[in-house]
Structures are given as structure tokens and as C-alpha cells.
Amino acid sequence: LADIALYHSKNSGRNRWAIYRPGMDALVEKRRELETALGNAIENEEFELYLQPRIDSRTANILGYEALLRWISPERGMVSPADFIPVAEASGKIIAIGEWVIAEACRIIQRGLEDKHVSINVSPLQFRRDGFVEKLAEIVGRHAVDPSRIELEITESVLIDDDQGAERTLARLKAAGFSIALDDFGTGYSSLSYLSRFPFDTIKVDRSFVSNLGQSDSAPVIIRSIVELGAGLGMQVVAEGVENIDEALFLAAAGCDQLQGFLLGKPVPVEKRAMVIDDTVSTALKDLQAGQGAA
Ligand code: C2E
Ligand code: MG
Ligand code: MG
Ligand code: MG
């Protein structure tokens, strides 16, 4: 379903399909149903933002949370963003949904989130749309939230095939006080060129490199290089998808600034969010730090 939606958004006009494959009619029908249900999901209050902690690998303190959108559909149950975001993008509904996400993140901050920051995922369509910066500033201003509490996560696809438009938007967002993270780093076609084109605040090392740590000889080398690159460019390096203590200790020892992943906390509703991480994990990280300090 996702493949087809993406194909639609990239290659054909609205409601027109460029290619047909066997079984396509049923898929088109399913996608239409999903699209309609998605269209009513905001009014019906079926969305929720879950929070997943991001920690300082040295102190094990929680620095902030990534806001991850959940669609809890009465008919479908919990639908993964991997399934509905592409549909929302293809139908243009991502714009309204994206604005809901920004407003909800602001409400969460306003209700009290200590001094933690919140990272919001921004879809390429949303980012490239005229007036995005103004809309964002308007929503954040209306909720009286300080933009420095908010980090925007964009993927490399935002920067692809774009003459300076994206760079100008990024510069305006930074000027307005938002931080910018490059998400899923290393999965794109020319990751390195993007780093030289824009001063991101944060690089998020894609989960695939972390999960390959135990499996491939190249993964540790690549991670060390990204950490060094980020440090040299003055960017925070965050590892995504940290699932076990070996990965966490390797990353911390390699100098990766921040960790995010199921080991540190799964995405959960705001009121269930972790305030501190598991004691065993934080002790292991602090011991490593003490050992490195002594060495
Ligand atoms: P992402 O921004 O790279 O988010 C990280 C994804 O990895 C999340 O999946 C998170 O639940 C998952 N994850 C975190 N730690 C671990 C781990 O230790 N192991 C494993 N296996 N997975 C982990 P999720 O929540 O399903 O979101 C998938 C993608 O959907 C996100 O990838 C992001 O691209 C998109 N997305 C989520 N929320 C929004 C949103 O509000 N707006 C937009 N435009 N996209 C969103
Ligand atoms: Mg993200
Ligand atoms: Mg990511
Ligand atoms: Mg991703």
C-alpha cells in the first residue's frame, strides 16, 4: 500500500494512476478507504502523540522526547505511521495532520514537560509547502511556546532535487529559534553532501547501523566515523534504535552524544512517559564514563 501511495505522489497527478499491476483495483480501493478514514481522524480525535526519550549518553539524563504519531482507529486499531503517513502524503492530508502534530506538541509542552525539548517529525511535503515557516511560527506563538524547546526532524528526502528552496527554509527555521535534526542519517543517496550544505544541530544515525553493530564488521567503523564527523561539525550525534546494553555501551564509548531506543524507553502516551531511565542501564553508562575519565 505504501509503495503505491508513494508512487502516486511522485509520478502522477491527483487521482490518476500511471501504472497498473495485478491486484491494483483492490489496493486502490483499500487505499481510498484508508484515506477517507484518515480524513476524519483529526475531528474524531483518533490521533495521539507518543513520546520516546532521548538521553545523554554520559549522564543518562533524559534531554527530551521524540513525538511519534499514533493513529488509534476504531475500525483498524493502532495503525503504524509507516502505513498511514505515505497515504496522508499522497492525499495531501499530511498538511492538516502535520499542523495537528505541531499544535499537540505545543499543548504537551504547555501542560508541563519540565525543561525537556520535543522533536517533531516533519514530512517533505509539509516542509516544502509555501507558508510552512509562517504556519509553524503561528501555531507555536499561539501556544506561547519557546521555539528553542522544539526540534524539527527532517529526512534527506527533503533536500533531494531542490535548488536552494529547502536550504532557505532551514535557515529561516533556525533564525526563528528552532533546532533542526537530520533523521535517518546514512540511508540517503548523498548523506555527506547534505551535511556540508546545512548546519544541522543534530544528526540521527539510522537504526540500521545500530542494529548491525553485532552483525557486521563495518557497522562499528561507520558509526565511529559519523560520531567523529558530527563532533567535527559541531553537531549532536544521536543513535536511533538502541535496543540492548552492548549497543548502548559501544555507542557511548565511541562518543555518541545521545541515545534513543527501546532500551532507554519505548514510545508511550505522555502521562506514561519515562522521567528517568532504568537503573541498570544508567549505572552501566555512568560506570563507563567514570572508567573513561580515569583512563
Ligand atoms: P523515525 O522518525 O525515524 O522514528 C523512529 C522510529 O523508530 C519510530 O517508529 C520508533 O517507534 C521506532 N523505534 C524507536 N526505537 C526503536 C528501537 O529500539 N527498535 C526499533 N525496532 N524501533 C524503534 P514509528 O513510531 O513507527 O514511526 C515510524 C516513522 O513514521 C518515523 O520514523 C517517522 O518517519 C514517521 N512519523 C512518526 N510520527 C510522525 C509525525 O508526526 N509526522 C510525520 N511526518 N512522520 C511521522
Ligand atoms: Mg524521527
Ligand atoms: Mg529516524
Ligand atoms: Mg524513519
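For the structure itself, consult the block above.
Residues numbered from 1 in each chain as written. Chains lettered and ligands numbered in written order. Predicted model: local features only at pLDDT ≥ 70, side-chain atom pairs only at ≥ 80, totals over all residues. Heavy atoms only, no water.

Draft legend 1. Just the coordination of the magnesium ion (ligand 2), in detail. Protein coordination at the magnesium ion (ligand 2) comes from E66 (OE), N121 (OD1), E153 (OE) and D183 (OD), with a distance range of 2.0 to 2.2 Å. In primary sequence terms, the donor set of the magnesium ion (ligand 2) follows E-x54-N-x31-E-x29-D. Metal-to-metal, the separation of the magnesium ion (ligand 2) and the magnesium ion (ligand 3) is 4.0 Å; D183 coordinates the two. Pair noted here: E66 is in strand β2 (residues 62-73) and D183 is in strand β6 (residues 179-185), with a separation of 117 residues, a long-range link. For E66, a relative accessible area of 3% gives the class buried. D183 sits in the buried class, given a relative accessible area of 6%. (Donors = N, O, S within 2.8 Å, 3.2 Å for Na, K, Ca; no water. Helix = DSSP H or I, 4+ residues; strand = E, 2+ residues; numbered from the N terminus. Buried < 20%, exposed > 50% of the residue type's maximum accessible area, 1.4 Å probe, protein only.)

Draft legend 2. How the structure looks around the pattern of salt bridges. Tallying each qualifying case throughout the model produces 17 salt bridges. The partner of E35 in a salt bridge is R31, and the shortest N-O contact between them spans 3.0 Å. Of the two residues, E35 and R31 both sit in helix α2 (residues 24-41), four residues apart, roughly one turn of that helix. Connected via shared salt-bridge partners are R54, E66, E151, E153 and K204. (Salt bridge = Lys/Arg side-chain N within 4 Å of Asp/Glu carboxyl O.)

Draft legend 3. Local environment of helix α6 (residues 132-142). For α6, the complete set of buried residues consists of F132, V133, L136, I139 and V140. Along the long axis of α6, the arc covered by the buried residues comes to 135°, so they all point the same way. Buried-residue contacts for α6 involve α4 (94-111), α5 (124-128), β5 (150-155) and α7 (165-175). Phi turns positive one or two residues past the end of α6, at A144, with a value near 55°. (Arc of directions from axis to C-beta. Contact = heavy atoms within 4.5 Å.)

Draft legend 4. Up close: the nonpolar core. The biggest cluster of nonpolar side chains holds 80 residues, and the ones touching the most others in it are F200 and L259. In contact with F200, other than residues within four places in its own chain, are I154, L159, L170, I180, A181, L182, Y194, L195 and M235. (Core = buried A, V, L, I, M, F, W, Y, C linked by side-chain atoms within 4.5 Å.)

Draft legend 5. Region of interest: the site of ligand 1. Residues in close proximity to ligand 1 total 21 residues, the closest being R70, N121, D183, E243 and F262. D183 has a polar side-chain atom sitting 2.8 Å from an oxygen atom of ligand 1. Between ligand 1 and E243 there is a distance of 2.5 Å, counted from a nitrogen atom to a side-chain nitrogen or oxygen. Protein contact buries 82% of the 790 Å² of open area that ligand 1 shows by itself. A per-element tally of the shell around ligand 1 places β2 first, with four residues. For the shell around ligand 1, the class distribution of residues is eight nonpolar, five polar and eight charged. (Near = heavy atom within 4 Å. Polar contact = N/O pair within 3.5 Å; in protein donor to acceptor, adjacent residues only side chain to side chain. Areas by Shrake-Rupley, 256 points an atom, 1.4 Å probe, with all protein chains shown as cover. Nonpolar A, V, L, I, M, F, W, Y, C, P; charged D, E, K, R; others polar.)

Draft legend 6. The arrangement of the pairing of strand β4 (residues 117-121) in detail. Of all five residues in β4, four are buried, a share of seventy percent or more. Two strands pair when backbone bridges link them, and β2 and β4 are joined in this way by four bridges, in the parallel orientation. Looking at β4, one finds that Y65 is bridged to V118. Alignment of β4 against β5, held across four bridges, turns out to be parallel. (Pairing = 2+ DSSP bridges.)

Draft legend 7. Region of interest: the packing of aromatic side chains. The final tally for this structure, using the stated rule, is six aromatic pairs. Geometrically, the ring pair formed by F47 and F84 is tilted, given 5.9 Å between the ring centres and 40° between the ring planes. Taken as a pair, F47 in strand β1 (residues 47-56) and F84 in helix α3 (residues 81-91) lie far apart in primary sequence, 37 residues in all. Note on accessibility: F47 and F84 belong to one class, buried. Geometrically, the ring pair formed by F127 and F132 is tilted, given 6.0 Å between the ring centres and 45° between the ring planes. By relative accessible area, F132 is classed as buried at 7%. An aromatic cluster of at least three residues, connected via ring pairs, comprises F47, W71, F84 and W100. (Phe/Tyr/Trp six-rings, centres within 6.5 Å; stacked < 30°, edge-to-face > 60°.)

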